[in-house]
Amino acid sequence: MFELNGRVALVTGAGQGMGVGIARVLAAQGARVAVNDLIDERAKQTVGQIEAAGGEAMPAAFDVTRFGDVEAGVARVAEAFGPVEILVNNAGNAGGGPTMQLMQFREMPVTEWRRFVDINLYGPANCCKAVVDGMCESGFGRIITISSGAGQMGLPIGISLYGAGKSGAIGFQRHLALEVARSGVTVNTVSLGLMSNVGDTEAVKGLAASQPTGRLGTPEDVGHAVVYLASDEASWVTGQVLGVNGGAFLP
Ligand SMILES: NC(=O)c1ccc[n+]([C@@H]2O[C@H](COP(=O)([O-])OP(=O)(O)OC[C@H]3O[C@@H](n4cnc5c(N)ncnc54)[C@H](O)[C@@H]3O)[C@@H](O)[C@H]2O)c1
């Protein structure tokens, strides 16, 4: 079950963090994985890890916020591996400014706002636009967007515009799911809780201990959920938001 049998997958922002786990687990299930990142070196590192484990992958560096670059990147993937059948919109971030720190809305300059919406909403929209026609024409497609509890609930920790971008992407995915529901294409969101790459300070250790499961989520936890949604077996699951958060947030 859940074999991906040579399906072509594109995972964005997969040079580090959750995307690495997603790309590795998809490849382990038999997908051929195009590893996107803004930073080419990072994408190549993930490709190296997948190949070392006996999987098939290619680097596909481009900026998901620039539609022209996305289109060109997707064309390169199609040339090497064939049309994208599984798209995982993972690239996203919560931090702003040169230091990528969280920032309270009252302190955030207006010039910072757009970057959160650009990466967390328009990034997924750009990538969907570049692949969805091909998916509909072929009669098979899986679109999975990585979101956050911050897109479903309020938090006072300095992530207002990030939350807005993530909420926007959840709404976008719901509507797209219904537009393509009769074409064999499913569109789902995976909403994450607190993940293991947030650091290992004493504060983070305390947060981990306070989670319902007593631990933070791993890149592999995300990868396993994505594999299910990407599989043939999940063909009747669409327009959903799947919480992968260890029970930390139960809407
Ligand atoms: N880490 C968490 O605790 C957490 C919690 C909830 C949701 N999420 C979501 O999970 C996803 C992955 O998060 P992460 O913590 O692994 O992120 P990360 O910052 O560790 O890695 C993101 C990767 O995306 C790449 N990237 C950034 N901008 C890009 C662009 N414009 N085009 C292409 N690639 C780009 C970066 O170079 C980086 O390698 C994000 O969508 C994030 O919002 C993470």
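Residues numbered from 1 in each chain as written. Predicted model: local features only at pLDDT ≥ 70, side-chain atom pairs only at ≥ 80, totals over all residues. Heavy atoms only, no water.

Caption draft 1: Representation of the overall build of the protein. Assigned secondary structure in the protein consists of seven helices and seven strands. For 251 residues, the compact-globule formula gives about 18 Å, and the C-alpha radius of gyration of the protein, at 17 Å, lands near that figure. Projected onto the principal axes, the alpha-carbon positions of the protein cover approximately 45 × 35 × 35 Å. When the 251 residues of the protein are sorted by exposure, 46% land in the buried category. Across the protein, the fraction of contacts at a sequence separation of at least 24, relative to all contacts at a separation of at least 6, is 70%. Accessible surface computed for the protein: about 12,000 Å², of which carbon and sulfur atoms make up 54%. Here the protein carries 17 positive and 23 negative side-chain charges, and the mean point of each set is 5 Å from the other. (Helix = DSSP H or I, 4+ residues; strand = E, 2+ residues; numbered from the N terminus. Rg over C-alpha atoms; globule rule 2.2 N^0.38 Å. Buried < 20%, exposed > 50% of the residue type's maximum accessible area, 1.4 Å probe, protein only. Contact = heavy atoms within 4.5 Å. Areas by Shrake-Rupley, 256 points an atom, 1.4 Å probe, with all protein chains shown as cover. Lys, Arg positive; Asp, Glu negative; His and termini not counted. Charge placed at Lys NZ, Arg CZ, Asp CG, Glu CD.)

Caption draft 2: Molecular detail of unusual backbone geometry. In this model, Phe 2 sits at a positive phi of 60°, which is unusual for a non-glycine residue. In this structure, Phe 2 sits in the segment before β1 (8-11). Note on Phe 2: relative accessible area 27%, which makes it partly exposed.

Caption draft 3: Here's a closer look at the site of the ligand. Every one of the 26 residues lining the ligand counts as a neighbour, but Met 18, Asp 37, Asp 63, Asn 90 and Tyr 162 are closest to it. For the ligand, the protein covers 87% of the area, taking 840 Å² as the surface of the free molecule. Elements supplying a minimum of two residues to the shell around the ligand: β5 (141-148) and α5 (160-179). Ranked by residues supplied to the shell around the ligand, first place goes to β5 with three residues. Among the residues making up the shell around the ligand, the classes are represented as 11 nonpolar, 11 polar and four charged. (Near = heavy atom within 4 Å. Nonpolar A, V, L, I, M, F, W, Y, C, P; charged D, E, K, R; others polar.)

Caption draft 4: Region of interest: the packing of helix α4 (residues 110-138) against α5. Contact geometry for α4 and α5: axes closest at 7 Å, N-to-C directions at 20°. Of the possible angle classes, the one that applies to α4 and α5 is roughly parallel. For α4 against α5, the interelement crossing comes out right-handed. Here α4 contributes Trp 113, Phe 116, Val 117, Asn 120, Leu 121, Pro 124, Ala 125 and Cys 128 to the contact with α5, which in turn contributes Leu 161, Tyr 162, Gly 165, Lys 166, Gly 168, Ala 169, Phe 172, Gln 173 and Leu 176. Of the residues in the contact of α4 with α5, the class split is 12 nonpolar, four polar and one charged. (Axes fitted to C-alpha atoms, helices over the stretch in contact; angles between N-to-C directions. Parallel < 35°, antiparallel > 145°, perpendicular 65-115°, else oblique. Left-handed = near helix turned anticlockwise from the far one by under 90°.)

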